[in-house]
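Residue-level structure breakdown
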Amino acid sequence: KAGVTQTPRYLIKTRGQQVTLSCSPISGHRSVSWYQQTPGQGLQFLFEYFSETQRNKGNFPGRFSGRQFSNSRSEMNVSTLELGDSALYLCASVYEQYFGPGTRLTVT
Amino acid sequence: AQKVTQAQTEISVVEKEDVTLDCVYETRDTTYYLFWYKQPPSGELVFLIRRNSFDEQNEISGRYSWNFQKSTSSFNFTITASQVVDSAVYFCALRPGTASKLTFGTGTRLQVTL
């Protein structure tokens, strides 16, 4: 079975731009959770999707949004990027037992 | 509110030493899950173990062992005969029984040297 995949692995954006990150969970699994990891705040929960519905959301501004497609792939979008959005974004499948390799976003 | 405390920021040991990583948690839920993850320099979080709140049995997996004590709200992780490959950041995490939302500790960086 393929693991959790995330694309792209690395991304550099400019402040004010928007970005979309993608996550494909383990085949057959319908739950995807997203986390942000920064040196200052550590690992923080962003949101969780199950069968295309957002079930939980963390304490992040509305600039952070997500969605899930019928094939369980999920995307998260960050609009109007700020320098503080520079982070490693991780997604997880199967109730956090399996994490993807992450997308490292740098905002300049 | 959920909280996980990993008081040890960084630990350095010499190979073959045993090392224990501490984790203390706070929750009002009666049903919850506790996790340990390893994060090597590559950044990926590697799942090590999950324990539910009703299972206080200690677990051993090779050189790894976990001690879960509800009375002290602790879920400690011991590596026996540490190896250089064990060098990583280790995270303890807590999830309520009813929601898929992990609360992580701040992590313990373990450095194992020859």
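For the structure, check the block above.
Just so we're clear, the structure is a prediction, and the values are computed from it rather than from any experiment.

Conventions we followed
- Residues numbered from 1 in each chain as written.
- Chains lettered and ligands numbered in written order.
- Predicted model: local features only at pLDDT ≥ 70, side-chain atom pairs only at ≥ 80, totals over all residues.
- Heavy atoms only, no water.
- Core = buried A, V, L, I, M, F, W, Y, C linked by side-chain atoms within 4.5 Å.
- Buried < 20%, exposed > 50% of the residue type's maximum accessible area, 1.4 Å probe, protein only.
- Helix = DSSP H or I, 4+ residues; strand = E, 2+ residues; numbered from the N terminus.
- Contact = heavy atoms within 4.5 Å.
- Polar contact = N/O pair within 3.5 Å; in protein donor to acceptor, adjacent residues only side chain to side chain.
- Buried area = accessible area lost by both parts, 1.4 Å probe.
- Salt bridge = Lys/Arg side-chain N within 4 Å of Asp/Glu carboxyl O.
- Pairing = 2+ DSSP bridges.
- Axes fitted to C-alpha atoms, helices over the stretch in contact; angles between N-to-C directions.
- Phe/Tyr/Trp six-rings, centres within 6.5 Å; stacked < 30°, edge-to-face > 60°.
- Lys NZ or Arg CZ within 6 Å of the ring centre and 35° of its normal.

What follows covers the nonpolar core. Trp 36, Trp 66, Phe 77, Tyr 90 and Leu 110 of chain B are the most contacted members of the largest nonpolar core, which has 24 residues in total. Elements that contribute at least two residues to this core include exactly β2 (10–14), β3 (19–21), β5 (32–39), β6 (46–52), β8 (64–69), β9 (74–79), β10 (88–96) and β12 (108–113) of chain B. Broken down by element, this core gets its largest block of residues, four residues, from β10 of chain B. The next biggest cluster of nonpolar side chains, apart from the first, holds 22 residues, and it includes Val 4, Ile 26, Met 76 and Ala 87 of chain A.

With respect to the element layout, Leu 45 of chain B can be found in the loop between β5 and β6. In this structure the C-alpha to C-alpha distance between Leu 45 of chain B and Phe 91 of chain B, which are 46 residues apart in sequence, comes to 8.8 Å. The contacts of Leu 45 of chain B, once residues within four sequence positions are left out, are Leu 43, Leu 90 and Phe 99 of chain A together with Tyr 37, Lys 38, Gln 39, Phe 91 and Phe 104 of chain B.

Moving on, we come to the side chain of Thr 38 of chain A. All names here are of chain A. Inspection of the secondary structure puts Thr 38 in strand β4 (residues 31–38). Its relative accessible area of 12% is what places Thr 38 among the buried residues. One polar contact links the side chain of Thr 38 to the main-chain amide nitrogen of Gln 41, over a distance of 3.0 Å. Setting aside anything within four residues of it in sequence, one finds Thr 38 in contact with Ser 86 and Ala 87.

Our next topic: the interface of chain A and chain B. You'll often see interface size given as the accessible area lost when the parts meet. In this complex, chain A contributes 15 residues to the contact, which on the side of chain B involves 15 residues. Summing the contributions of chain A and of chain B, the shared interface buries around 1,400 Å²; its carbon and sulfur component is 53%. On inspection of chain A and its partner chain B, the count reaches zero salt bridges. Inspection of the chain A/chain B interface yields four residue pairs in polar contact (both at pLDDT 80 or more).

This part takes up the pairing of β6 of chain B. Sheet topology places β5 of chain B next to β6 of chain B; six bridges connect them, and they run antiparallel. Bridged to Lys 38 of chain B within β6 of chain B is Val 46 of chain B.

Residue and element names in this part refer to chain A. Spatially, four strands are ordered β1-β3-β8-β7 in an open sheet, and the strand pairing comes out antiparallel. Here the strands that pair on one side only, and so sit at the sheet edges, are β1 (5–7) and β7 (64–68). Each strand axis lies, on average, 20° off the axis of its neighbour in the sheet, ignoring direction. Both β1 and strand β3 (residues 19–24) contribute to a ladder of three bridges, which runs antiparallel. Bridge pairing links Thr 7 to Ser 22 in β3.

It is worth spelling out the packing of aromatic side chains at this point. Under the definition given, this model contains 19 aromatic pairs over all chains. Taken together, a centroid distance of 5.2 Å and an interplanar angle of 55° make the contact between Tyr 25 of chain B and Tyr 32 of chain B tilted. A residue is classified by how much of its surface remains accessible, and Tyr 32 of chain B, at 5% relative accessible area, is buried. For the cation-ring pair, Arg 55 of chain A lies above Phe 50 of chain A, with the distance from its terminal atom to the ring centre recorded as 4.4 Å.

The next subject is the side chain of Ser 100 of chain B. With respect to the secondary-structure elements, Ser 100 of chain B resides in the loop between β10 and β11 (103–104). A distance of 3.4 Å separates the side chain of Ser 100 of chain B from the side chain of Ser 33 of chain A, its partner in a polar contact.

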